[in-house]
Amino acid sequence: MERYDFDAPVDRRGSHSMKFDAAAAMGKREGLLSMWVADMDFTVPPAVVEALHQRVDHAVFGYTNPWDGYREAVVSWMARYGWQVSPNWIVPTPGVVFALAMAVRAFTEPGDAVVIQRPVYYPFTNVIERNGRRVANAPLAYQDGIYSIDFDALEQTIQESGAKLFLLCNPHNPGGRLWTRDELARIAEIALRNDVIVVSDEIHMDFVRPGYEHTVFATLDDQIAQRCVVCTAASKTFNLAGLETSNIIIPNGELRRVFKDAMHATGTNRPNVLGLVATEACYRQGAEWLAQLKKYLEGNWALVESYLAEHAPQLHLVPAQSTYLAWVDCRELGLYGEDLRALIEDEAGLWLDLGDMFGPEGDGFIRLNLATQRATVQRALTQLTDAIARM
Ligand SMILES: Cc1ncc(COP(=O)(O)O)c(C=O)c1O
C-alpha cells in the first residue's frame, strides 16, 4: 500500500494562492505564518493528478456536461454515509458558497429573514446580506467550552423573524461540533413545523474524528429529505478548492428546479470540466489517501492540545469533532478585537482567522488551520505561546 508523506514540505508561494501570495492584497504584512483560509498544504492524491493529466493531454476544453461516471462517483461516496442518492439529484455548482447564495435567491425574497447560528463561517452572513435579505441569528450556546443548540431560542428566532430558510453548518465551522442524529432530528422537527427549508452545508463531512459519526441531514427521514438541500464537495476533503466545484444534492424535484432556475439566472449553466474530473477521481481513488491524511491530522490535533495545555493554559482548545480547524478560546487573555489582532499578527507573526469575523460571539477566539505539515503547526504554536509569554 502506498504511504503518503504529509510531512514533506510543499512550497505554495508563487502559485497565486490566497493563503501565501495575497498578503499585500488583503492588507496583511508580508512574512506572517499563514494558517487562515481553509485549504491544505498537501498535494492531492497521485491518482487525481494522473486523471487530470489524462484529461489535459486531450488538449480540448470545450463545453462539457456532467457525465454519468461523475454522478456515480458522488453517489458511491455518499453511500459511505448510508445515503442513497439518485444521480439526478446532484447539481454541480462552482462552489458551496455559490450554492448557499443560490439557495438564498431561490427560496426567499429580498427583505426576507434567513436563519444562521453564529459564530459561523462568515460567508453565511455575506450571502444573506449581499442578496438583500436579513440575518436572523440564533446563536449557538457555549457552555463549559462546548457548543450546543438552544432549540427553544432557535424556534423562537424562526417564528419572530418569519424566516423560511435556515443555513445549517454541519459539521460546524468554526465551533467544531458535529451535530448528532438527535440534534439534527430536533432541527428537522422545528423546520417542518415552521415550514422552513434547511440548507445543510456538509463540506467538512469527511473530516469526522475518531469516535464520532457524521449524519447527513437528508438521511433523517423522507419528509425532511424533501425539504432540504445538502451541500457537499471533494474540494475541502481533497484540497481542490481552486477547481471551484461542488456537488449540491437536492432530493425534491421542485426545490431542485427552483434552485437551478436561480443558478441559470446568473448565467451559470455548466461546471468546470477539470473540477468534475478531479472530483470523480477523488471519490473513486482517494479513500486510502484520506484515511492516512486523517491519521496525520490526529497527530496535529494532539500536538496542539498538549502544547497549549503545557505552555499556554489560559488558552482553551474547543474540542473539535470534525474539520481540521482549531477554534481556540483566548478570552482568558482579556484581549478582544484589535488588541487580539495585534497579539496574533504583530507579536506572534501569525495570519489566522480572528474569531470576530464569525460574528461578535466569536470575539476573543482564534481559528488555526491545522491542515499543514506538523513542523508548521509546531512553529505556529511556539510563536503564539512566546508572544503570550512576553505580554
Ligand atoms: C462551512 C464551509 N462552507 C463552504 C466553504 C467554502 O466552499 P466553496 O469553496 O466550495 O465555496 C467553506 C470553506 O472554508 C466552509 O468552511
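Figured I'd write up the structure that's included with this text. Residue positions are counted from 1 within each chain, in the order its sequence is given. For this predicted model, a pLDDT threshold of at least 70 governs which residues receive local features, and a threshold of 80 or more governs which side-chain atom pairs are given and counted, while totals over whole chains, interfaces and linings are taken from all residues. Note: side-chain values were computed over all heavy atoms of the structure, leaving out hydrogens and water.

### Regarding the pairing of strand β3 (residues 113-116)
Okay, step 1: Note on exposure labels: buried denotes an accessible area under 20% of the residue type's maximum, exposed denotes more than 50%, and partly exposed covers the range between, all computed with a 1.4 Å probe on protein chains only. By definition, any uninterrupted DSSP run of H or I lasting at least four residues is a helix, any uninterrupted run of E lasting at least two residues is a strand, and each is numbered from the N terminus. Here β3 shows two buried faces, one formed by Ala-113 and Val-115 and the other by Val-114 and Ile-116.
Okay, step 2: With 4 bridges joining them, β3 and strand β4 (residues 134-137) adopt parallel strand pairing. Looking at the pairing, Val-114 lines up with Val-135 of β4.
Okay, step 3: Handedness of a crossover is defined as follows: with both strands directed away from the viewer, a clockwise route from the first strand across the helix to the second makes it right-handed. Between β3 and its parallel partner β4, the chain crosses via helix α5 (residues 123-129), and the hand of that crossover is right-handed. Whether two strands pair depends on DSSP finding at least two bridges between them.

### A short note on the packing of aromatic side chains
Okay, step 1: Any two rings among Phe, Tyr and Trp, with Trp reduced to its six-membered ring, count as a pair given centres within 6.5 Å; such a pair is stacked if its planes are under 30 degrees apart, edge-to-face if over 60, and tilted if neither. Applying the stated criterion across every chain, the model contains 19 aromatic pairs.
Okay, step 2: Here Tyr-142 and Tyr-147 contribute two aromatic rings whose centre-to-centre distance is 4.6 Å and whose plane-to-plane angle is 35 degrees, an arrangement assigned as tilted.
Okay, step 3: Exposure remark for Tyr-142: the relative accessible area of 25% places this residue in the partly exposed category.
Okay, step 4: Taking relative accessible area as the criterion, Tyr-147 reaches 2% and is therefore assigned buried.
Okay, step 5: Judged by centre distance (5.3 Å) and plane angle (75 degrees), the rings of Trp-327 and Phe-358 are edge-to-face. Of this pair, Trp-327 sits in strand β12 (residues 325-329) while Phe-358 sits in the loop between β14 (353-354) and β15 (365-369), and the two are 31 residues apart along the sequence.
Okay, step 6: Judged by its relative accessible area of 1%, Trp-327 is buried.
Okay, step 7: These aromatic residues form a ring-pair network of at least three members: Tyr-4, Phe-6, Phe-42, Trp-77, Phe-238, Tyr-283, Trp-289 and Tyr-296.
Okay, step 8: Counted as over-ring charges are cases with an Arg CZ or a Lys NZ within 6 Å of the ring centre that also lie within 35 degrees of the ring normal. Sitting above the plane of the Tyr-296 ring, Arg-374 keeps its charged end 4.3 Å from the centroid.

### Structural notes on the state of the cysteines
Okay, step 1: Pairs of cysteine sulfur atoms within 2.5 Å are what we label disulfides. Using the criterion set out here, one finds 0 disulfides in the structure.
Okay, step 2: Free of any disulfide, Cys-169 has its nearest cysteine sulfur in Cys-231, 9.9 Å distant.
Okay, step 3: Accessibility expressed as a relative area gives 0% for Cys-231, which makes it buried.

### Description of the pattern of salt bridges
Okay, step 1: Whenever Lys or Arg places a side-chain nitrogen within 4 Å of a carboxyl oxygen from Asp or Glu, that contact is recorded as a salt bridge. As enumerated under the stated definition, the model contains 19 salt bridges in all.
Okay, step 2: Between Arg-284 and Glu-280 there is a salt bridge, with the nearest N and O atoms lying 2.9 Å from each other. Within this pair, Arg-284 and its partner Glu-280 are both found in helix α11 (residues 273-285), separated by 4 residues, close to a single helical turn.
Okay, step 3: For Arg-284, a relative accessible area of 45% gives the class partly exposed.
Okay, step 4: What makes Glu-280 buried here is its relative accessible area of 17%.
Okay, step 5: A salt bridge links Glu-347 to Arg-390, with the shortest nitrogen-to-oxygen separation between them at 3.9 Å. Note that Glu-347 is positioned in helix α13 (residues 337-347) and Arg-390 in helix α14 (residues 374-390), a separation of 43 residues in sequence.
Okay, step 6: Residue classification places Arg-390 among the exposed residues on the basis of a relative accessible area of 53%.
Okay, step 7: Residues joined in a network through salt bridges with shared partners are Lys-28, Glu-338, Arg-341, Glu-345 and Asp-346.

### Some words on the site of the ligand
Okay, step 1: Contacts to the ligand come from Ala-38, Gly-95, Val-96, Val-97, Tyr-121, Cys-169, Asn-173, Asp-201, Ile-203, His-204 and Lys-236.
Okay, step 2: Between the ligand and the protein, one listed contact pairs an oxygen atom with a side-chain N or O atom of Asn-173 at 2.7 Å.
Okay, step 3: In these tables, accessible area is a Shrake-Rupley quantity obtained with a 1.4 Å probe, and a residue counts as shielded only by the protein chains included in the view. Alone, the ligand offers 400 Å² of accessible surface; in the complex the protein occludes 90% of this.
Okay, step 4: A class-by-class count of the residues in the shell around the ligand yields 6 nonpolar, 3 polar and 2 charged. By convention in these notes, a residue is near a molecule or strand provided one of its non-hydrogen atoms lies within 4 Å of it. Two N or O atoms form a polar contact when they lie within 3.5 Å of each other; inside protein one atom must be a possible hydrogen donor and the other a possible acceptor, and for residues adjacent in sequence the pair counts only when both atoms belong to side chains. Residues are sorted three ways: Asp, Glu, Lys and Arg are charged, Ala, Val, Leu, Ile, Met, Phe, Trp, Tyr, Cys and Pro are nonpolar, and all the rest, Gly among them, are polar.

### Description of the environment of Ile-90
Okay, step 1: Structurally, Ile-90 can be placed in strand β2 (residues 90-93).
Okay, step 2: A relative accessible area of 2% means that Ile-90 is categorised as buried.
Okay, step 3: Residues Ile-90 and Pro-319, 229 residues apart in the sequence, show an inter-C-alpha distance of 33 Å.
Okay, step 4: For this analysis, residues touch if any pair of their heavy atoms sits within 4.5 Å. Not counting residues within four places of it along the chain, the set of residues in contact with Ile-90 comprises Tyr-70, Arg-71, Val-74, Val-75, Val-85, Asn-247, Ile-248 and Ile-249.

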